[in-house]
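# Structural overview for review
As a plain string of letters, each chain reads:
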Amino acid sequence: MISPKKPYPREVTSFRTKLALTIMLVIALVTAVAIYVAEGRVAANAERDLRLKFQSEVSGLDKLQELRNAALAERCRILAEKPRIHAALEDNALDLLYPSAKDELRDLMEGSDSSDQGAGSLNAKFCRFLDGAGAVLSPPDAKDLGELNTKTEARLAFKRLPDSQQVGYLNEDVDPANNAVDEVIAVPIFSTETGEVISALVVGFEPFEIGSSRAGADVKSGIWADGRLHMPSLSEEAQTILTNHLANIFSNGDRAQSNFIVDLSGGPQLVFYKCLNPASLFPHAYEICVYPLADSISQRRRLRWQFGGMGAVLLLGGFVTSHFVAVRFAKPVEQLALDSERNREQRRQAEAQLISTSEKLKRSTRYSADASHQLKSPLTVLRAGLEALLAHEDFKPEIYEELSTLLHQTHRLSGVIEDLLLLARLDSGHLRLQAEQVNLSQLVEEWLDDLAALPDSPEVEIEKQIAQDLTVTGTKRYLSLIVQNVLENARKYNRKGGRIRVTACGEKDEVRLSIGNTGQTISSDAQEHIFERFRRAVAGGAVSGHGLGLNLARELARLHGGDLRLVRSENDWTEFELCLPVAQPTAKHAS
Amino acid sequence: MKLPPSHAAPVMAKRYEVINRGGVLSTEPPVAVIYLDGTFPKLSSLPTKQIAQKNFAFVPALLPVQVGTRIEFPNLDDTYHSIFSYSPAKRFDLGRYRPEERPIPSQIFDAPGLVTLRCDIHEHMRGLILVLNTPHFVVSDPSGRFRLSGLPPGRYVLKAWIDSKTTRTQDIELKNGETAHVDFP
């Protein structure tokens, strides 16, 4: 669960934002690519479809034209077989040429003979003969053969008579507003005797129009001839635009067939053009077809909407997903951020502590070392001086006694210093224990032996009941110090003819050492304070000591994980008990 | 005189046809018409000549006549013929007629020049009529030999028509009772 109240840490928010942005970016990119590809395909399909349409229409046109050309050729062949035509041409009776061909030409002009194949299309606008030099022979009466102005008529001429059919397209300059394009077919007339071209018949037709048969089609077609566009169905403005385009294309070397897209009034249009008379002596003319791209464009728009909608849905889905994913991902990240914050705080504290501890440690170490040096050095000097004096032989005996007392005091002072330094190190926590196996039973036995050997020990009886091989872990020197202190107390505070009882036994996880002695007991008031420093329960000049022994012993016992306590002190019996954890059995027999 | 070599096998005398070679009409085998140019008194009546259509050909295929001569065109084939000419020297059109047609269709040729005869139905048929001002003319034989006789003395130009585009000329002086030899190159 997300708690909306709790603001996310900055890192988490930015992580979420980045994730969401990435997802959105990817989806947007995918959508854009999809739209691009689909649009490209639609555009290509539209172009291909229109091209096929154009090609089929042009080929339909070609078929019609072929039919007409064939019919025309047949007419001319028949015409050429006519002796009167020959006579007129060969006998230079050109005035008789047109009257001689009257019937045939009327046929061409009227296209009346519907039984003839393709004759329906033989409905010429004009007919003219060319003479042997390729010049146009003007008819005596142009009414029947289609009137042409002299300029147009002159353009029907050839420099040399062609020996094959020539198709051309001419702009007939009737008037600028109504310029008509004529399809002109020049058919050579061969002499039946010599096979030579003796003349040619030039016939002008209304050009076939693409798409004229299909009603409702939005296709506009026209002809480009003589550098002019003839496409009356197109608006004047659009004609101008298209004319400029085409002029550009055809002036840069004409290609036989191609297409381009032009933005005419009423949206972009796909324009196809194809040369109508590629191998003709007449100037090249082009069939121009203008197809509206509205269908393709609306299809593309629809597609764009579809893909856009899909993209939006995807985007929405992606956004929701990204939200959940981000929350999912963000949780651990958030936790991590929080943890790291906490860790940082903790680490900072720990570091501070470490620094202060290290400071303290350094200080205390320095202090101990300094104190040890400062105290011990003069003492050593003092002791050396006293020992040197004792070595003299010419002093009085009282002086020797005095000197030896002073020497004894220096020894005592040395002990105090040692104890104090040890305590100082204990307090600072600087004291390190070596984890060695110590045989406590043996240790106690040794000390008891030493105790008996002491010169000034009172007459006391020592009872001992010590289990064999009680082993503890610790530093032998310190353990020895504990035992020594307690045993010395038991001896020092004993009475004449008293006794000391030492028992040691191992329990399941600790070793228990009891040391009891007869003698003056410690008052109940003092009992609380006997483990404090510089406290001496029994004040007596006869008993040497400086009030640090018990304190030091207890501190050391505690350092070893054990304790030292007073068990009882009444009725001429004072008893201390030392508890220490038993050593691990694996190292049982280590020395 | 020298004539272009013949391309056909030798045929009977006066049996030759008119051919068109590059728009130039000549006879095959080639013959020439040699005539004496000049002004001669017009005869009041000239004999009527004939060019028949026989076996879908004009017979003779080449006929020189004096200006003003009437020529009849009898149809000797068992079919229609339709003789006409678009030549500047004489334009006429006899229309279609059968062999039974009487009187025999005829034309008077009253302007000098070459007239090409054609048949509107049989377009391969060609005939030539050379209308001349002079009564003194002769057709050479295929080897180019000719003989003109009964000529009045005087200075003349002797011409040789070889084909529709070629006519050679040579000055000649004729003396009474003499025979002149002329060679056209």
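Quick summary incoming for the structure in this document. (Residues numbered from 1 in each chain as written. Chains lettered and ligands numbered in written order. Predicted model: local features only at pLDDT ≥ 70, side-chain atom pairs only at ≥ 80, totals over all residues. Heavy atoms only, no water.)

### A few points about the overall build of chain B
- Scanning chain B from terminus to terminus reveals zero helices and 16 strands.
- Intrachain contacts of chain B at a sequence separation of at least 6 include 55% that bridge at least 24 residues.
- Surface accessibility of chain B: about 9700 Å² in total, with carbon and sulfur atoms responsible for 50%. (Helix = DSSP H or I, 4+ residues; strand = E, 2+ residues; numbered from the N terminus. Contact = heavy atoms within 4.5 Å. Areas by Shrake-Rupley, 256 points an atom, 1.4 Å probe, with all protein chains shown as cover.)

### Things to note about the overall build of chain A
- Along its length, chain A carries twelve helices and 17 strands.
- Counting over 591 residues, chain A shows a buried share of 40%.
- Across chain A, contacts joining residues at least 24 apart in sequence account for 63% of those joining residues at least 6 apart.
- When the accessible surface of chain A is summed, it comes to about 33000 Å², and 54% of that surface belongs to carbon and sulfur atoms. (Buried < 20%, exposed > 50% of the residue type's maximum accessible area, 1.4 Å probe, protein only.)

### Side note on the sheet that holds strand β3 (residues 166-172) of chain A
Residue and element names in this part refer to chain A.
- What the five strands build is an open sheet, ordered β2-β1-β5-β4-β3; its pairing is antiparallel. A strand with exactly one partner marks an edge of an open sheet, and here the two such strands are β2 (136-137) and β3.
- On top of the sheet, helix α4 (residues 102-110) reaches β1 (126-130) and β5 (197-205); it is set at about 140° to β1, its chief contact. (Pairing = 2+ DSSP bridges. Axes fitted to C-alpha atoms, helices over the stretch in contact; angles between N-to-C directions.)

### Quick word on the packing of aromatic side chains
- Scanning the model with the defined rule gives ten aromatic pairs over all chains in all.
- Seen from their ring centres, Phe40 of chain B and Tyr156 of chain B are 5.7 Å apart, and the 20° between their planes marks the pair as stacked. One end of the pair, Phe40 of chain B, is in the loop between β3 (33-37) and β4 (49-50); the other, Tyr156 of chain B, is in strand β15 (residues 154-163), and 116 residues separate them in sequence.
- Residue Tyr156 of chain B is classed as buried on the basis of its relative accessible area of 13%.
- The interplanar angle of 85° and the centroid separation of 5.7 Å between the aromatic rings of Phe92 of chain B and Phe109 of chain B together place this pair among those described as edge-to-face. With Phe92 of chain B in strand β10 (residues 90-97) and Phe109 of chain B in strand β11 (residues 106-109), this residue pair connects regions lying 17 residues apart in the sequence.
- Exposure remark for Phe92 of chain B: the relative accessible area of 6% places this residue in the buried category.
- Counting every residue linked through ring pairs, the aromatic cluster contains Phe73, Phe92 and Phe109 of chain B.
- If you follow Arg84 of chain A out to its NZ or CZ, it ends over the ring of Phe84 of chain B, 4.6 Å from the centre.
- It is Arg98 of chain B that lies over the ring of Tyr80 of chain B; its NZ or CZ is 5.4 Å from the centre. (Phe/Tyr/Trp six-rings, centres within 6.5 Å; stacked < 30°, edge-to-face > 60°. Lys NZ or Arg CZ within 6 Å of the ring centre and 35° of its normal.)

### Here we look at the sheet that holds strand β12 (residues 113-119) of chain B
- Spatially, five strands are ordered β7-β13-β12-β9-β10 (chain B) in an open sheet, and the strand pairing comes out mixed. In this open sheet, the two edge strands, each paired with only one partner strand, are β7 (62-66) and β10 of chain B. Taking each pair of neighbouring strands and ignoring which way they run, the sheet shows an average axis angle of 25°.
- Where strand β9 (residues 81-87) of chain B lies against β12 of chain B, two bridges are found, and the strand directions are antiparallel. Following the sheet pairing, Ile83 of chain B is matched in β12 of chain B by Cys119 of chain B.
- Of the strands in this sheet, β9, β10, β12 and β13 (126-132) of chain B touch helix α2 (residues 83-90) of chain A, which is tilted by about 20° from β9 of chain B.

### Observations regarding the interface of chain A and chain B
- On the side of chain B, 16 residues touch chain A, which itself brings 16 residues to the contact.
- Regarding the contact of chain A and chain B, the summed buried area is about 1400 Å², with carbon and sulfur atoms giving 43% of it.
- Counting the contacts that link chain A with chain B gives two salt bridges.
- With a shortest N-O distance of 2.6 Å, Asp93 of chain B and Arg84 of chain A are connected by a salt bridge.
- At the junction of chain A with chain B, the criterion picks out four residue pairs in polar contact (both at pLDDT 80 or more).
- For the side of chain A that touches chain B, the leading source of residues is α2 of chain A, giving six residues. (Buried area = accessible area lost by both parts, 1.4 Å probe. Salt bridge = Lys/Arg side-chain N within 4 Å of Asp/Glu carboxyl O. Polar contact = N/O pair within 3.5 Å; in protein donor to acceptor, adjacent residues only side chain to side chain.)

### Quick word on the side chain of Thr27 of chain B
All names here are of chain B.
- Mapped onto the fold, Thr27 is located in strand β2 (residues 24-28).
- According to the relative accessible area criterion, Thr27 is buried, its value standing at 2%.
- At 3.1 Å, the side chain of Thr27 and the backbone oxygen of Pro29 are in polar contact.
- In this structure the side chain of Thr27 is engaged in a polar contact, spanning 2.8 Å, whose partner is the backbone nitrogen of Val31.
- If near-sequence neighbours (up to four positions away) are discounted, Thr27 is found in contact with Tyr16, Glu17, Val18 and Leu62.

### Quick word on the environment of Tyr286 of chain A
- Tracing the backbone shows Tyr286 of chain A in strand β10 (residues 286-292).
- Along the primary structure Tyr286 of chain A and Lys274 of chain A are separated by twelve residues, whereas in three dimensions their C-alpha atoms are 5.2 Å apart.

### Considerations on a positive patch on the surface
All names here are of chain A.
- On the surface, a cluster of positive charge is made up of Lys360, Lys362, Arg363 and Arg366.
- Within the fold, Arg366 resides in helix α7 (residues 294-390).
- On the accessibility criterion, Arg366 (48% relative accessible area) is partly exposed. (Patch = residues over 30% accessible without salt bridge, like charges linked within 9 Å, V, L, I, M, F, W, Y side chains within 5 Å. Lys, Arg positive; Asp, Glu negative; His and termini not counted. Charge placed at Lys NZ, Arg CZ, Asp CG, Glu CD.)

### Here's the deal with the packing of helix α9 (residues 440-453) of chain A against helix α10 (residues 476-492) of chain A
Residue and element names in this part refer to chain A.
- In contact at an axis separation of 10 Å, α9 and α10 are set at 45° when each is read in the N-to-C sense. Between α9 and α10, the crossing angle belongs to the class labelled oblique. Crossing of α9 over α10 shows right-handed handedness. Contacts between α9 and α10 pair Leu440, Leu443, Val444, Trp447, Leu448 and Leu451 from the former with Lys476, Leu479, Ser480, Val483, Gln484, Leu487 and Arg491 from the latter.
- Its residues assigned to classes, the contact of α9 with α10 shows nine nonpolar, two polar and two charged. (Parallel < 35°, antiparallel > 145°, perpendicular 65-115°, else oblique. Left-handed = near helix turned anticlockwise from the far one by under 90°. Nonpolar A, V, L, I, M, F, W, Y, C, P; charged D, E, K, R; others polar.)

### Describing unusual backbone geometry
- The omega angle of the peptide bond from Val59 of chain B to Pro60 of chain B is -5°, so this bond is cis rather than trans.
- Looking at where Pro60 of chain B falls in the secondary structure, it is placed in the loop between β6 (58-59) and β7.
- Between Arg102 of chain B and Pro103 of chain B the backbone carries a cis peptide bond, its omega angle lying at -5°.
- Not every positive phi belongs to a glycine, and Asn571 of chain A is a case in point at roughly 50°.
- Considering the arrangement of structural elements, one finds Asn571 of chain A in the loop between β16 (563-570) and β17 (573-581).
- Residue Asn571 of chain A is classed as exposed on the basis of its relative accessible area of 72%.
- Although it is not a glycine, Phe56 of chain B sits at a positive phi angle of roughly 60°.
- Following the sequence through the fold, Phe56 of chain B ends up in the loop between β5 (52-53) and β6.

### Things to note about a nonpolar patch on the surface
All names here are of chain A.
- Residues Leu29, Val33, Tyr36 and Val37 make up a contiguous nonpolar surface patch of roughly 450 Å² in combined accessible area.
- Along the chain, Val33 turns up in helix α1 (residues 10-81).
- Residue class for Val33 comes out partly exposed when judged on its relative accessible area of 48%.

### Thoughts on the environment of Leu79 of chain A
Residue and element names in this part refer to chain A.
- When you line up the elements, Leu79 lands in helix α1.
- Here the alpha-carbon distance between Leu79 and Glu104, two residues 25 residues apart in the chain, equals 7.1 Å.
- Once you skip the residues sitting within four places of it in the chain, Leu79 turns out to touch Ile85, Ala101, Glu104, Phe129 and Leu201.

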